[in-house]
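Fold and geometry: a report
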Amino acid sequence: MKKCIKKWLRPILFTLAGALTGLGYYVLVGCSTGSCAITSSPINSMLYMGLIGWLLSNALGSCCFSKNCNR
């Protein structure tokens, strides 16, 4: 059970951090005209940045450098 939690903890945290970053970007920068595909809506910003966070969690995974990984 702990291995399963540990396996999914990094992607979940990176995805949540990405979604919060997307929300922050929407609030602070956003799109004033509403014609921007990603930043015109907070949902779009959060989904896009959450996806980027998930991809980064896989790219920056410690599994590539660990001897104990069974990938």
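Look up: the structure comes first, before these words.
Residues numbered from 1 in each chain as written. Predicted model: local features only at pLDDT ≥ 70, side-chain atom pairs only at ≥ 80, totals over all residues. Heavy atoms only, no water.

A look at helix α1 (residues 2–28)
Its 27 residues place the ends of α1 38 Å apart at the C-alpha level, agreeing with the 39 Å of an ideal helix rising 1.5 Å per residue. Within α1, the full set of buried residues consists of Pro 11, Gly 18, Ala 19 and Gly 22. Of the surrounding secondary structure, the elements contacted by the buried residues of α1 are α2 (42–59). (Helix = DSSP H or I, 4+ residues; strand = E, 2+ residues; numbered from the N terminus. Expected span 1.5 Å × (residues − 1). Buried < 20%, exposed > 50% of the residue type's maximum accessible area, 1.4 Å probe, protein only. Contact = heavy atoms within 4.5 Å.)

Things to note about α2
End to end, α2 covers 25 Å across 18 residues, agreeing with the expected 26 Å (1.5 Å per residue, within 8%). The set of residues buried in α2 consists of Ser 45, Gly 50, Gly 53 and Ser 57. Down the axis, α2 shows its buried residues gathered within 125° of arc, on one side only. Exposed positions of α2 whose direction lies more than 90 degrees from the buried face are Leu 47 and Ala 59. (Arc of directions from axis to C-beta.)

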